[in-house]
Amino acid sequence: MTQKTLAIFQESLRCLPFQGVTIKDFGEKIHIRPHTLYNYISGQVPSAKNYRYILYVLEKEYPQALRQGEELAERADTSFFN
């Protein structure tokens, strides 16, 4: 997992509420505690197993959140002020 893929992962989780699913509901659906997901959003690096599983579910169930996460992470890499 690279820094870029981790940023995409975090942004994708942040985009879930805009897709109509709360972090709490998503956590219950995939059997991962919501506070763990919030920790991942805040910067904690997930285990490889959790990372792969969450990305799998995002790709399958919430591809729009994943696409938005990719766009937001890409925009964060490019500075608007330089």
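Up top is the structure these notes are about.
Residues numbered from 1 in each chain as written. Predicted model: local features only at pLDDT ≥ 70, side-chain atom pairs only at ≥ 80, totals over all residues. Heavy atoms only, no water.

On to helix α4 (residues 48-61), then. The end-to-end C-alpha distance of α4, which contains 14 residues, comes to 20 Å, matching closely the 20 Å that a straight helix rising 1.5 Å per residue would cover. Among the residues making up α4, those that are buried are Y51, I54, L55, V57 and L58. The buried residues of α4 all sit within an arc of 160° when viewed along its axis, so they share a single face. Away from the buried face of α4 by more than 90 degrees, exposed residues K49, R52 and K60 are located. (Helix = DSSP H or I, 4+ residues; strand = E, 2+ residues; numbered from the N terminus. Expected span 1.5 Å × (residues − 1). Buried < 20%, exposed > 50% of the residue type's maximum accessible area, 1.4 Å probe, protein only. Arc of directions from axis to C-beta.)

Tallied over the entire structure, the rule returns three aromatic pairs. An angle of 50° between the planes, with centres 5.2 Å apart, marks the rings of F9 and Y51 as tilted. Of the two residues, F9 sits in helix α1 (residues 3-15) while Y51 sits in helix α4, which places them 42 residues apart along the sequence. Judged on exposure class, the residue F9 and its partner Y51 are both buried. Chaining the aromatic ring pairs together yields one cluster made of F9, Y40 and Y51. (Phe/Tyr/Trp six-rings, centres within 6.5 Å; stacked < 30°, edge-to-face > 60°.)

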